[in-house]
Amino acid sequence: MKIELIDTKNFTAKENLTVKLVTPEQLKNAKFKKTLKKSGFSAEQDTVCGMHGKSLLFCGIENYDAQNLKTAAVTIAKAIKTVAYKSLSIEVDAKSIRPIIEGFILGGYEFNTYKSKTKTSKLKKLYLICEDVTPLTKAFEEAVVISEATCFTRDIVNTAPDDMHPETLAKLAKKLAKDNKLECNILNKKALKKERCEAMLAVGRASRHESKLIHLAYKPQNAKKRIALVGKGLTYDSGGLSLKPATSMVTMKMDKAGACAVLGIIKAVSELQLDIEVHAFVGAVENMIGGDAYKPDDVLRSRKGDTIEVRNTDAEGRLVLADVLDYAQEKVKNPDYLFDFATLTGACMVALGQYTTGVMGHSNRLRHDLSKASRKAGELTATLPFNNHLKKQLKSEIADICNISNKPYGGAITAGLFLDNFIKEENKEKWLHFDIAGTAYTESPWDVNVHGATGAGVRFMTQFLQSLK
Ligand code: BES
Ligand code: ZN
Ligand code: ZN
């Protein structure tokens, strides 16, 4: 469905369904209040009522807050999937344009790659109608770019693990680079060996797909800031020899969501032509079992030089990130910000629930700015605080650090502290770690999310980057 912003006076579409939002208060004086009430419509938030003789669709809304506008748009996007109209129109203004676009695109999202039969909707256009398009054009274009980048991220995450493995993910990144004029460098196994990425290589050793480190860069002239993004790209996490239980393994194709978010963000930034240099690094690896698999008891030497005692091969994401973070910090000298995105721990979901991304780092200021951006973007984030007692739980008797904590509590934070070990002193205050284990994927719809990948991180990070001066 194509979305178009159009002046009221130029709007002439035929076979069009007009959508009207109504609050319970507005319903009292509405033109069709009797008919609407007869059909049981009371303008309750997220309820719809069609009046097809008049080509009208009413949707209830509590008030015109951004969040309510967004979920109303999601409700409409779902309700209109089977209608026979050619187009849909809805009135927008400066405040409602973004939530309505996000609700429509993200709430109407479908992933049909593996469906043999899909219904093709007759609806081809969504018209956003306003008094004057000029002052709304920028907000319109931005909202479309960000929503489409979120869907781009969702599509990659949703792709089955035998179709989206490290080699195909690298290919996709190359195509994105070509389409969006980004620099692209991909390290294969040989190059990774040369770079001493032994921790990362160990995780992928039992896979029939070669591990890849992907580096994309968007470098506009006169960039005001330089940002490094790092994503966990476990295209499948079986747990390795510390094998996951059967039911926990299902959905582990989503363990690449951090990588996919980082690709979605650089796509959005380059299409918005932001005045900042952005580097995206992805550790694309598959964690499998086999005679060649890395094992609990192995000691790995990380790229940084620290040795890591492996006590659980299912804590693999941090091993990959240890090397990719180290590589990123060498390639991007003196960054203004360093962010990593990872579906890192089940413990993060235990701590915060499935709707909130866990944020960890040392800078209160940065956490505050990020929290502001995420609130504006409509994604939930919350800080999980570091402390030195938890840090001690990563001590190893054998090596420099252990890949899991020796106590069962605080697992999201100890994972964050493991990553902290690989952040250079000069970057400590510039770094944030985002644990998106709970937020990246869902098997039941919530907010603008439908079954499957959510694209978590794309909206709040793009918002943060847009806010940089
Ligand atoms: N990819 C998982 C984390 C995860 C769990 C993401 C559930 C999304 C949903 C990660 O690699 C993992 O397995 N972590 C372990 C760590 C443990 C072994 C210390 C976990 O959370 O159980
Ligand atoms: Zn794991
Ligand atoms: Zn994992």
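Scoring rules and cut-offs
Residues numbered from 1 in each chain as written. Chains lettered and ligands numbered in written order. Predicted model: local features only at pLDDT ≥ 70, side-chain atom pairs only at ≥ 80, totals over all residues. Heavy atoms only, no water. Pairing = 2+ DSSP bridges. Helix = DSSP H or I, 4+ residues; strand = E, 2+ residues; numbered from the N terminus. Axes fitted to C-alpha atoms, helices over the stretch in contact; angles between N-to-C directions. Patch = residues over 30% accessible without salt bridge, like charges linked within 9 Å, V, L, I, M, F, W, Y side chains within 5 Å. Areas by Shrake-Rupley, 256 points an atom, 1.4 Å probe, with all protein chains shown as cover. Salt bridge = Lys/Arg side-chain N within 4 Å of Asp/Glu carboxyl O. Lys, Arg positive; Asp, Glu negative; His and termini not counted. Charge placed at Lys NZ, Arg CZ, Asp CG, Glu CD. Buried < 20%, exposed > 50% of the residue type's maximum accessible area, 1.4 Å probe, protein only. Near = heavy atom within 4 Å. Polar contact = N/O pair within 3.5 Å; in protein donor to acceptor, adjacent residues only side chain to side chain. Nonpolar A, V, L, I, M, F, W, Y, C, P; charged D, E, K, R; others polar. Contact = heavy atoms within 4.5 Å. Donors = N, O, S within 2.8 Å, 3.2 Å for Na, K, Ca; no water. Phe/Tyr/Trp six-rings, centres within 6.5 Å; stacked < 30°, edge-to-face > 60°. Lys NZ or Arg CZ within 6 Å of the ring centre and 35° of its normal. Tetrahedral: all angles 85-135°; square planar, octahedral: opposite > 155°, others 65-115°. Expected span 1.5 Å × (residues − 1). Domains from an automatic or database assignment. Buried area = accessible area lost by both parts, 1.4 Å probe.

### Some points on the sheet that holds strand β5 (residues 87-91)
Phase 1 of the analysis: Taking strand neighbours across the sheet as the criterion, the six strands line up as β1-β6-β5-β2-β4-β3 in an open arrangement whose pairing is mixed. Each edge of the sheet is formed by a strand with only one pairing partner; in this case those strands are β1 (2-7) and β3 (48-51). Put simply, the sheet's adjacent strands are angled 25 degrees from each other on average, direction ignored.
Phase 2 of the analysis: Pairing analysis gives six bridges linking β1 to strand β6 (residues 125-130), with the strands arranged parallel.

### Brief notes about a positive patch on the surface
Phase 1 of the analysis: Judged by side-chain charge, K224, K372, R375, K376 and K469 come together as a positively charged surface patch.
Phase 2 of the analysis: Here K469 lies in the segment after α16 (458-466).
Phase 3 of the analysis: The exposed category is assigned to K469, whose relative accessible area is 73%.

### A few points about the site of ligand 1
Phase 1 of the analysis: Near ligand 1, the surroundings consist of 17 residues, among which K244, D255, D314, E316 and G346 are the closest.
Phase 2 of the analysis: A distance of 3.3 Å separates a nitrogen atom of ligand 1 from a polar atom in the backbone of T343.
Phase 3 of the analysis: For ligand 1, whose accessible area on its own is 520 Å², the fraction buried by protein is 77%.
Phase 4 of the analysis: When contributions to the shell around ligand 1 are tallied by element, the ones reaching two or more residues are β9 (225-237) and α12 (346-352).
Phase 5 of the analysis: A class-by-class count of the residues in the shell around ligand 1 yields six nonpolar, four polar and seven charged.

### Some remarks on the sheet that holds strand β13 (residues 337-342)
Phase 1 of the analysis: One open sheet accounts for eight strands, arranged β7-β8-β10-β9-β13-β17-β14-β15; its pairing is mixed. Where the open sheet ends on each side, the last strands, each with one partner, are β7 (183-187) and β15 (380-383). Each adjacent strand pair in this sheet contributes to an overall mean axis angle of 20 degrees, direction not counted.
Phase 2 of the analysis: Across seven bridges, strand β8 (residues 212-218) lies against strand β10 (residues 276-287) in antiparallel orientation. By the bridge assignment for β10, L216 is matched with A280.
Phase 3 of the analysis: In this fold helix α6 (residues 166-179) packs onto β7, β8, β9 and β10, with an angle of close to 15 degrees to the strand it touches most, β8.

### Looking at the coordination of the zinc ion (ligand 3)
Phase 1 of the analysis: Coordination of the zinc ion (ligand 3) by the protein involves K232 (NZ), D237 (OD), D255 (OD) and E316 (OE), with metal-donor separations of 1.9 to 2.4 Å.
Phase 2 of the analysis: The sequence pattern formed by the donor residues of the zinc ion (ligand 3) is K-x4-D-x17-D-x60-E.
Phase 3 of the analysis: If you look at the zinc ion (ligand 3) and the zinc ion (ligand 2), they sit 3.2 Å from each other and are both ligated by D237. With K232 in strand β9 and D255 in the loop between α9 (246-249) and α10 (257-272), this residue pair connects regions lying 23 residues apart in the sequence.

### Quick word on the pattern of salt bridges
Pairing is possible between side chains of opposite charge, provided their charged atoms come close.
Phase 1 of the analysis: Per the stated rule, a full pass over the model turns up 29 salt bridges.
Phase 2 of the analysis: A salt bridge links E183 to K219; its shortest N-O distance comes to 3.1 Å. With E183 in strand β7 and K219 in the loop between β8 and β9, this pair connects stretches of sequence that are 36 residues apart.
Phase 3 of the analysis: Look at E183 and you get partly exposed, because its relative accessible area is 44%.
Phase 4 of the analysis: Taking the shortest distance from any N to any O, the salt bridge between D369 and R365 comes out at 3.5 Å. Highlighted residues: D369 and R365, both in helix α13 (residues 364-377), separated by four residues, approximately one helical turn.
Phase 5 of the analysis: Each of the salt bridges in this network shares a partner with another, and the network as a whole consists of E195, R303, D326, E330 and K424.

### Comments concerning a negative patch on the surface
Phase 1 of the analysis: Residues E91, D93, E131 and D132 make up a contiguous surface patch of negative charge.
Phase 2 of the analysis: If you trace the backbone, D93 turns up in the loop between β5 and α4 (97-107).
Phase 3 of the analysis: Under the relative-accessibility criterion, D93 is labelled partly exposed at 43%.

### A look at the packing of aromatic side chains
Phase 1 of the analysis: For the coordinates displayed, the defined rule picks out 14 aromatic pairs.
Phase 2 of the analysis: A centroid spacing of 6.2 Å and a plane angle of 25 degrees characterise the contact between F386 and W431, whose relative ring orientation is stacked. Remark: W431 occurs in strand β17 (residues 431-435) and F386 occurs in the loop between β15 and α14 (388-392); sequence separation between them is 45 residues.
Phase 3 of the analysis: Using a relative accessible area of 0% as the deciding quantity, one classes W431 as buried.
Phase 4 of the analysis: Centroid distance F418 to F422: 5.2 Å. Interplanar angle 45 degrees. Geometry classified as tilted. Grouping residues by exposure puts F418 and F422 together as buried.
Phase 5 of the analysis: Taken together, the aromatic side chains of Y337, F339, F341, F434, F460 and F464 make up a single cluster linked through ring pairs.
Phase 6 of the analysis: A cation sits over an aromatic face here: R154 above Y109, 5.0 Å from the ring centre.
Phase 7 of the analysis: The ring of F422 carries K304 above its face, with NZ or CZ at 5.4 Å from the centroid.

### Let's talk about the coordination of the zinc ion (ligand 2)
Phase 1 of the analysis: Donor atoms from the polypeptide that bind the zinc ion (ligand 2) are D237 (OD), D314 (O), D314 (OD) and E316 (OE), placed at 2.0 to 2.2 Å.
Phase 2 of the analysis: Around the zinc ion (ligand 2), the six donor atoms sit at angles spanning 71 to 167 degrees, and that spread fits a shape best called irregular.
Phase 3 of the analysis: All donors of the zinc ion (ligand 2) belong to a single chain; written as a sequence motif, their spacing is D-x76-D-x1-E.
Phase 4 of the analysis: Classification of D237 as buried rests on a relative accessible area of 3%.

### Concerning helix α3 (residues 66-79)
Phase 1 of the analysis: Taking 1.5 Å per residue as the helical rise, α3 with its 14 residues ought to reach 20 Å, and the 20 Å between its terminal C-alpha atoms agrees with that figure.
Phase 2 of the analysis: Counting buried residues in α3 gives 10 out of 14 residues, a clear majority hidden from the surface.
Phase 3 of the analysis: Of the positions making up α3, those classed as buried are N68, L69, K70, T71, A72, A73, V74, T75, I76 and A77.

### A few points about the domain arrangement of the protein
Phase 1 of the analysis: When its domains are assigned, the protein resolves into domain 1 (2-134) and domain 2 (160-467).
Phase 2 of the analysis: Look at where the C-alpha atoms of domain 1 and domain 2 centre, and you get two points 37 Å apart.
Phase 3 of the analysis: Contact residues are listed per partner, giving 12 residues for domain 1 and 10 residues for domain 2.
Phase 4 of the analysis: Of the roughly 920 Å² buried at the junction of domain 1 and domain 2 (both faces included), carbon and sulfur atoms supply 48%.
Phase 5 of the analysis: Of all residues in domain 1, R98, L106 and Y114 give up the largest surface area on contact with domain 2, accounting jointly for 43% of the area buried on that side.
Phase 6 of the analysis: Taken together, the links from domain 1 to domain 2 amount to two salt bridges.
Phase 7 of the analysis: Counting the contacts that link domain 1 with domain 2 gives four residue pairs in polar contact (both at pLDDT 80 or more).

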